[in-house]
Amino acid sequence: MFGRMIRGTLFRQWKKMLMIAFTIALGASLASAMLSVMLDVGDKVNQELKTYGANIRVVPKASSVLSGLYEMEDDQTGAYLREDELGKIKTIFWTFNIVDYAPFVTVDAKLDQGDSVKVVGSWFDHHMALPTGEELDAGIRSLRSWWDIESGSWLNEQDGSGSKGAMVGIELAEKLGLSVGSSIHVTGSKTDDTYTVRGIFDAGGEENGQIFVQLNTAQALDGLEGKVDSIDVSALTTPDNELAERAAKDPKSLTVAQYELWYCTAYASSICWQIQEAITDCVASPVRQVADSEGEILNKTQLLMILITILSLIGAALGICNLVTASVMERSQEIGLMKAIGAYNGQVSLLVLTEVFITAVFGGAVGFFAGFGFAQIIGHSVFGSAIALRPMVIPIVAVLVFIVTMIGCIPAIRMLLGLRPTEVLHGK
Amino acid sequence: MKKRRMFFRMITASLMRRRSRMIVALLSIAIGATILSGLVSIYYDVPRQLGAEFRNYGANMILTGSDGGFTYAEFNIGKSVIPAADIVGAAPYRYENVRIREKPVVAAGTDPDEAKAASPYWLIDSGEWFRNSGELLMGAKVAESFRLKAGDKIEVSFTPEDQQEKAADNQAPEDNVREFTISGILKTGGTEEEYVYMNMDDLEALTGTADRIDVAELSVSAVSDKLKQYTADINSAVPEVHASLVKRVTASETTVLSKLQALVLLVTVVVLALTMICVATTMTAVVAERRKEIGLRKAIGASDSSIIKEFMGESMLLGLLGGIAGSVLGYVFAQQVSIRVFSSSISFRPLLVPITITVSIAVTGLSSLMPIRSATEVDPALVLKGE
Amino acid sequence: MSLLELKNVYKIYGELHALNDVNLKVEKGEWISIMGPSGSGKSTMMNIIGCMDKPTKGQVLIDGVDISKESSKNLTTIRRDKIGLIFQQFHLVNYLTAVENVMLAQYYHSIPDEKEALEALERVGLADRAKHLPSQLSGGEQQRVCVARALINYPEIILADEPTGNLDEANEETVVDLFHKLHDEGTTLIVVTHDPEVAEVAQRQLVLRNGRISKEVVNDHFTGKIRFTD
């Protein structure tokens, strides 16, 4: 009989129930959209902030002590990182957080006129097939996103056309009167080489006076085969907190539990630590200009989204509460009748709660998917990528909808329990 | 006249004596209005606030001498092109090769406060920022190679130009020597770690020459178009100075900031749309609850238009009250968000008050109109029979 | 001319003839009661006389105006001007005080006048309860407020639907006494009721059965004579 009564309400009063379901769906969609966006905004903004370039720089241990201090005549005596170890960066614990990286080797070469010029070897769009089966295109093409290509194009490593090509900074190009397609001859300490200018770039910094070529091309000039002198790494990191700051100074000062927590969180300092473990004789340190600012902006954006989410959750909760109260109160007559024919308060409350609960389940489910849809709209139009479906959103929205609808029922049920059947039936 | 008084008497009676129901309706309208005014204020203030956050990336404009260094006077003229309120920090730097323990080190003279403002990401690893004359901030790499720490005292020597020939002839030059205390160790992860920083006055005293700036770093809070305008203006105002933008910072800022702004805009739109629908359903429910009363009024002779007038009057009064409450609460909310997130206060936008109130009246009014109209179509006889 | 005249009135819902060729004349100042079992067409007739419904066929003349041809808007106007309604379930606006409920009828009719409304309440013996809300009034008091509301605009006809249905005996008596007073003042009363005691005090008793007037009893309270017509 109970089930029959519930069915009766749901099907015969479907208009009213639809209204409740609709409001619950609205509230739930608002909640799930905002929660999804909020939980994903960190990752998304983090990706966006990658346009600022590398946030971690890896240098050989020996050169981290200022070489110039000891008036070393010859740079070649300085230690180098090994090119064959570069792949290891993608094997660390936080491998998925490493979005991009590029090695550099800088050679002081001479131009034909006798001027000295820095020739920098690097990756442009280096293709890597990783042991994990993953594939990655890494290099300065994405790591230096702020460079403007004034003419020509980026070097293309993958079709082989880049091997004798070079990209020239705009200041140097203007000084030497170079344009795309012209040749430039440079002499290193071991060999000399002639490059074809493929692109001219404006980096807005000292790179404007340099020549960028492929890694092996630059290495050959000075006989530095297999050696690199720095690596720029762009990693998705978690903003530093007090633990991360302490760990950055000395990881050994942490307790075992703290160390575990730190090691297993994507702090810039723990990623640096892991890179140091993977690559021999290197020092990896966060580029504070990027890492610190990233943290600040991430924190602020997340906090902002959290506050907006809280506000909209309050709004959604109030909307649901309100409508549930109103629509249950509307039925005072019917419930008075039930009491008149002998229903206990408990039975009446159970009936009302069950009806609202069933409606809430439907409304909540519809709302969740609608909200996820809204989140996708936001994700695609702002970041051009989908917002990930976080499993934790489901229980949060479910619990929220449940609590809010039940709270919405409280005033209504209190009123219903207070009803005297005679009054209701006599139209009071 | 009398009729109007009765009209208001009825509306106020309905609002006052049905207090609990009305407060709930009012609350939802007020929350809707709060979200409206709060989010719109935040939306308008976010670019400014976030723009300030992005200044954490440091200088976005660099001034160099067109031909070597430039003077303080030239620097100040250049600076004056940009409104003072937009300048977050403007740090002049002068670089000189000095020696510590007979090893060459690059020393930079600057204004400590401005340097800090222009490069907020500089981290003092130990010790504190340099302030007074005789204090020196040492790059971490320099400190490491000398095994120096904060608090240590060192002598810094400089060979003036006229003595350099002697040095070249392997004679002992007469160096200028000053003693400094290391106030702190600087960590940036960049080349700054290879320098030592001191007050410009100290460097001038050490070198014996004054009024020369090699580079000035400016952190300017402005959008990229405006920054371009400023550089052009500076370049034409002071030919001795060449202003250029730090592309890495400005280009990236434009990209990221526009995304964040779009994010806040879309979130605002979605939240607003859903909230308005929520308010509308609430009003629908509030009116639907009173079908019986509408039937009664019709039975005792009310015309449809007078019923619509009364109920709309009531809804719009609710909308007005909700809108007023929402404007206040929205401002408070936006202010709280601003203080908590950006630790700065938000400017009050007077225009937002009438907009919030109008929108809230319009939404409540429109959303009540439909159910009221449908309620007036009800047969009073049926309603009164207790259907 | 009769104040109210029903000529060959039919009200048909699908197969059901709720009213089947009803003819009735009510003169000014008359007191009529309508009785009949459930489903006899009482409520339909009441709704039609109260201008809340229109007949399927036939004419309903109030003061010579055929309301069966009027628009619903005009019906509202006629109801407002000519008819005072009293319901079984009182139907007061629960957030308005007694006097405000009476004023509501004035408001829709013409101009609200608190003094006049208070006088109306005094007539029904509720002067001291004027500022109370319906929830603070007893059933009888609420019904008296309804009577005051019904007569505030000096309607031609007071139409009461089971006015004593929800009242105890004492209150029933008060209301019936009020009807006597109204009748003496010359108001036309049409009372739909189940209660023979209430019906008896009317001048004419109509009994409806299957949509037709099956019996008419004329009570001559002065001579004690009773006439029947079928």
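Because the structure is predicted, anything quoted here is derived from the model rather than measured.

This part covers the overall build of chain C. Looking only at helices and strands, chain C has 7 helices and 11 strands in total. Taking 17 Å as the expected radius of gyration for a compact globule of 230 residues, we find that chain C reaches 17 Å, a close match to that expectation. If one aligns the C-alpha atoms of chain C with their principal axes, the spans along those axes are about 45 × 45 × 30 Å.

We now examine the overall build of chain B. The secondary structure content of chain B amounts to 13 helices and 10 strands. Against the 2.2 N^0.38 benchmark of 21 Å for 387 residues, chain B shows a C-alpha radius of gyration of 34 Å, more extended than a compact globule. Each principal axis of the C-alpha atoms in chain B carries an extent, and together these give about 120 × 45 × 35 Å. Within chain B, the fraction of its 387 residues that count as buried is 49%. Across chain B, the fraction of contacts at a sequence separation of at least 24, relative to all contacts at a separation of at least 6, is 84%.

This part takes up the domain arrangement of chain B. What the domain assignment reports for chain B is domain 1 (2–53 + 256–384) and domain 2 (60–245). Here domain 1 of chain B and domain 2 of chain B have C-alpha centroids that lie 58 Å from each other.

With that out of the way, let us pick up the confidence of the model for chain B. Looking at chain B, the pLDDT average stands at 84 and 96% of residues meet or exceed 70. The secondary structure element of chain B with the lowest average pLDDT is helix H13 (residues 380–384) of chain B, at 67, and the one with the highest is strand S8 (residues 195–199) of chain B, at 92.

All names here are of chain A. Residues of helix H7 (residues 242–249) that are buried include every one of Ala244, Ala247 and Ala248, and no others. End-on, the buried residues of H7 take up no more than an arc of 105 degrees, which puts them together on one face. Turned more than 90 degrees from where H7 packs its buried face, Glu242, Glu245 and Lys249 sit exposed. Those residues of H7 that are buried are in contact with helix H8 (256–263) and helix H9 (268–278).

With that out of the way, let us pick up the sheet that holds strand S2 (residues 16–26) of chain C. Residue and element names in this part refer to chain C. Read from one edge to the other, the open sheet built from 4 strands follows the order S2-S1-S4-S5, with strand pairing classed as antiparallel. Looking along the sheet, the strands with just one partner apiece sit at the ends: S2 and strand S5 (65–66). In this structure, strand S1 (residues 4–13) lies alongside S2, joined through 7 bridges in antiparallel fashion. In the strand pairing of S2, Val9 is matched with Val22.

Residues and elements named next belong to chain A. Taking 1.5 Å of rise per residue, 36 residues should cover 52 Å, and helix H2 (residues 14–49) covers 50 Å from first to last C-alpha, within 8% of that figure. In the structure, H2 departs most strongly from a straight axis at Val41, where the bend amounts to approximately 45 degrees. Across the 36 residues that make up H2, a large majority, 29, are buried.

Of the residues lining the interface, 23 residues belong to chain B; the matching set on chain C comes to 25 residues. Of all the secondary structure elements, the ones that give two or more residues to the side of chain B that touches chain C are helix H1 (2–17), helix H10 (291–299) and H13 of chain B. The element contributing the most residues to the side of chain B that touches chain C is H1(B), with 8 residues. Its residues assigned to classes, the side of chain B that touches chain C shows 10 nonpolar, 5 polar and 8 charged.

Residue and element names in this part refer to chain A. As for its placement among the helices and strands, Tyr101 is situated in strand S3 (residues 98–111). The sequence separation of Tyr101 and Gly139 amounts to 38 residues, and the corresponding C-alpha distance is 5.9 Å. The residues touching Tyr101, leaving out its near neighbours within four places in the chain, are Ile89, Ala138, Ile231, Asp232, Val233 and Ser234.

Grouped together as the largest cluster of nonpolar side chains are 304 residues, with contacts concentrated most on Ile56(A) and Val102(C). Per-element accounting of this core gives the leading share, 21 residues, to helix H9 (residues 247–288) of chain B.

Time to look at the confidence of the model for chain C. Per-residue pLDDT for chain C has a mean of 84; in total, 95% of the residues score no lower than 70. What the predictor reports for the complex is a pTM of 0.73 with an ipTM of 0.76.

We now examine unusual backbone geometry. All names here are of chain C. Phi at Asp21 is positive, roughly 55 degrees, even though this residue is not glycine. Relative to the helices and strands, Asp21 is located in strand S2. Here Cys51, not a glycine, exhibits a phi torsion of approximately 60 degrees, which is positive. Within the secondary structure, Cys51 is located in the loop between helix H1 (42–49) and strand S4 (57–62).

Here we take up the pairing of strand S8 (residues 188–192) of chain C. Residue and element names in this part refer to chain C. With 5 of 5 residues buried, S8 is to be regarded as a mostly interior element. Taking every second residue as pointing to the same face, both faces of S8 are buried, with Thr188, Ile190 and Val192 on one and Leu189 and Val191 on the other. Inspection of the sheet shows strand S3 (residues 31–35) paired to S8 by 4 bridges, in the parallel sense. Note on S8: the bridge partner recorded for Ser33 is Val191. Bridging between strand S7 (residues 157–161) and S8 involves 5 bridges; their strand directions are parallel. Within S8, the residue paired with Leu159 across the bridge is Ile190.

It is at 10 Å that the axes of H2(A) and H9(B) come closest, and there the two elements cross at 170 degrees. It follows from the interaxial angle that H2(A) and H9(B) lie roughly antiparallel. Its residues assigned to classes, the contact of H2(A) with H9(B) comprises 18 nonpolar, 5 polar and 2 charged.

So, on to the interface of chain B and chain A. Contacts between chain B and chain A engage 58 residues on the former and 59 residues on the latter. Those elements giving two or more residues to the side of chain B that touches chain A turn out to be helix H2 (19–54), helix H5 (140–146), strand S10 (241–245), H9 and helix H11 (304–342) of chain B. For the side of chain B that touches chain A, the element with the highest residue contribution is H9(B), accounting for 22 residues. When its residues are assigned to classes, the side of chain B that touches chain A shows 31 nonpolar, 16 polar and 11 charged.

Here the focus is the environment of Phe201(A). All names here are of chain A. Within the secondary structure, Phe201 is located in strand S10 (residues 192–202). Take Phe201: there are 22 C-beta atoms within 10 Å of it, and that puts it in the buried class. Taking the C-alpha atoms as reference points, Phe201 and Ile149, separated by 52 residues in sequence, lie 4.4 Å from one another. The residues contacting Phe201, other than those within four sequence positions of it, are Trp147, Asp148, Ile149, Glu150, Met167, Gly169 and Ile170.

Residue and element names in this part refer to chain C. The geometry of helix H5 (residues 139–151) relative to helix H6 (residues 169–184) is characterised by a closest axis approach of 9 Å and an angle of 20 degrees between their N-to-C directions. With respect to their mutual orientation, H5 and H6 come out roughly parallel. Helix-helix and strand crossings are classified by hand; for H5 and H6 the assignment is right-handed. Between H5, through Gly139, Gly140, Gln143, Arg144, Val147 and Leu151, and H6, the contact on the second element is made entirely by Asn171, Thr174, Val175, Leu178 and Leu182. For the contact of H5 with H6, a count of residues per class yields 5 nonpolar, 5 polar and 1 charged.

All names here are of chain B. Of the pairings in the sheet, the one linking strand S1 (residues 61–65) to strand S9 (residues 215–220) comprises 4 bridges and is antiparallel in character. In the strand pairing of S9, Leu63 is matched with Ala216. As judged from the 5 bridges shared by S1 and S10, these two strands associate in the antiparallel manner. Paired with Gly65 across the two strands is Val241, which belongs to S10.

Quick notes on the rules
Residues numbered from 1 in each chain as written. Chains lettered and ligands numbered in written order. Predicted model: local features only at pLDDT ≥ 70, side-chain atom pairs only at ≥ 80, totals over all residues. Helix = DSSP H or I, 4+ residues; strand = E, 2+ residues; numbered from the N terminus. Rg over C-alpha atoms; globule rule 2.2 N^0.38 Å. Buried ≥ 20, exposed ≤ 12 C-beta atoms within 10 Å, placed from the backbone. Contact = placed C-beta atoms within 7 Å. Domains from an automatic or database assignment. pLDDT = per-residue confidence, 0-100. Arc of directions from axis to C-beta. Pairing = 2+ DSSP bridges. Expected span 1.5 Å × (residues − 1). Bend = angle between axes of the 7 residues up to and from the residue. Nonpolar A, V, L, I, M, F, W, Y, C, P; charged D, E, K, R; others polar. Core = buried A, V, L, I, M, F, W, Y, C linked by C-beta atoms within 7 Å. Axes fitted to C-alpha atoms, helices over the stretch in contact; angles between N-to-C directions. Parallel < 35°, antiparallel > 145°, perpendicular 65-115°, else oblique. Left-handed = near helix turned anticlockwise from the far one by under 90°.

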